[in-house]
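# Close look at the chain arrangement
Below, each chain spelled out in residue letters.
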Amino acid sequence: MATSTDAAKQGAITIDTSGWPLVRITFLGEASDEAFQRYLDEYAALIKRGLYVTIYDARASRNTKAKNRRLQAEWLRKHDAIVRRNCLGVAFCVSSPLIRGAITAVFWLQPPPMPYFITESIAEAEAWAREKMRAGTPPG
């Protein structure tokens, strides 16, 4: 039986839509290139469902490879119109300064088309996301 410690060693990305329109994406360890591409593909499919807010929980993440940061920037460019139409905002829950730097690098390559918030606290990320859901108006 795999444990969360095993997943962190192997690297994993999970997408939880059980609280739709809140989407929780959790990064554990350093995901493989295949896992990262699978996450991008799954996320691309779900953003078509309507208005949503995302919380990225990267507290247990390790460094994201430069290749995957480029893939994320390309994903943002490709999906810009639908993200502008449907995304109410993105909260990043990040404890590592290195990961915060990786997020900043992605945003340098492709500025986000939605409001965003970066914090170390999952409670603050959830409160910000709830406020964005209450407001219900996408930025684009």
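One can find the structure itself at the top, above this paragraph.
Attention in this report is confined to the structure presented alongside it. Since the model is a prediction, treat every value here as computed from it, not as a measurement. (Residues numbered from 1 in each chain as written. Predicted model: local features only at pLDDT ≥ 70, side-chain atom pairs only at ≥ 80, totals over all residues. Heavy atoms only, no water.)

## A few points about the overall build of the chain
The helix and strand tally for the chain stands at six helices and five strands. Listing the helices and strands of the chain from first to last along the sequence gives α-β-β-α-β-α-α-β-α-β-α. For the chain, whose C-alpha radius of gyration is 14 Å, the value lies close to the compact-globule estimate of 14 Å for 140 residues. Once the C-alpha set of the chain is aligned to its principal axes, its extents read approximately 40 × 30 × 25 Å. For the chain, with 140 residues in total, the buried portion stands at 43%. In the chain, the share of contacts with a sequence separation of at least 24, taken over all contacts with a separation of at least 6, comes to 75%. Of the roughly 7,300 Å² of accessible surface on the chain, a fraction of 53% belongs to carbon and sulfur atoms. (Helix = DSSP H or I, 4+ residues; strand = E, 2+ residues; numbered from the N terminus. Rg over C-alpha atoms; globule rule 2.2 N^0.38 Å. Buried < 20%, exposed > 50% of the residue type's maximum accessible area, 1.4 Å probe, protein only. Contact = heavy atoms within 4.5 Å. Areas by Shrake-Rupley, 256 points an atom, 1.4 Å probe, with all protein chains shown as cover.)

## A short note on the pairing of strand E3 (residues 52-61)
Put simply, side chains in a regular strand alternate between the two faces of the sheet. For E3, a buried count of eight out of 10 residues is recorded, marking the element as mostly surrounded by other parts of the structure. Here strand E2 (residues 22-29) pairs with E3 via seven bridges, running parallel. Bridging across to E3, Ile25 finds its partner in Tyr56. Viewed along the sheet, the connection from E2 through helix H2 (residues 33-46) into E3 turns out right-handed. Bridge count between E3 and strand E4 (residues 87-93): six bridges; the pairing is parallel. Paired with Asp57 across the strands is Cys93, a residue of E4. (Pairing = 2+ DSSP bridges. Right-handed = clockwise from strand over helix to strand, strands pointing away.)

## A few points about helix H6 (residues 122-135)
The end-to-end C-alpha distance of H6, which contains 14 residues, comes to 20 Å, matching closely the 20 Å that a straight helix rising 1.5 Å per residue would cover. All of the buried residues in H6 are Ala125, Trp128 and Ala129. Down the axis of H6, the buried set is contained in an arc of 100°. They therefore lie on one face. Tucked into the core, H6 has its buried residues touching E2, E3, E4 and strand E5 (116-119). (Expected span 1.5 Å × (residues − 1). Arc of directions from axis to C-beta.)

## A short note on the pattern of salt bridges
Here the structure, examined in full by the defined rule, presents six salt bridges. Its salt-bridge partner being Arg24, residue Glu126 comes within 2.9 Å of it at the nearest N-O pair. Linking Glu126 in helix H6 with Arg24 in strand E2, this pair joins segments that are 102 residues apart in sequence. According to the relative accessible area criterion, Glu126 is partly exposed, its value standing at 22%. Note on Arg24: relative accessible area 29%, which makes it partly exposed. Across the salt bridge formed by Lys65 and Asp33, the nearest N and O atoms sit 3.1 Å from each other. In this pair, Lys65 sits in the loop between E3 and helix H3 (66-78) while Asp33 sits in helix H2, placing the two residues 32 residues apart along the sequence. You can call Asp33 partly exposed: its relative accessible area is 23%. Overlapping salt bridges bring together Asp33, Lys65 and Lys67 as one network. (Salt bridge = Lys/Arg side-chain N within 4 Å of Asp/Glu carboxyl O.)

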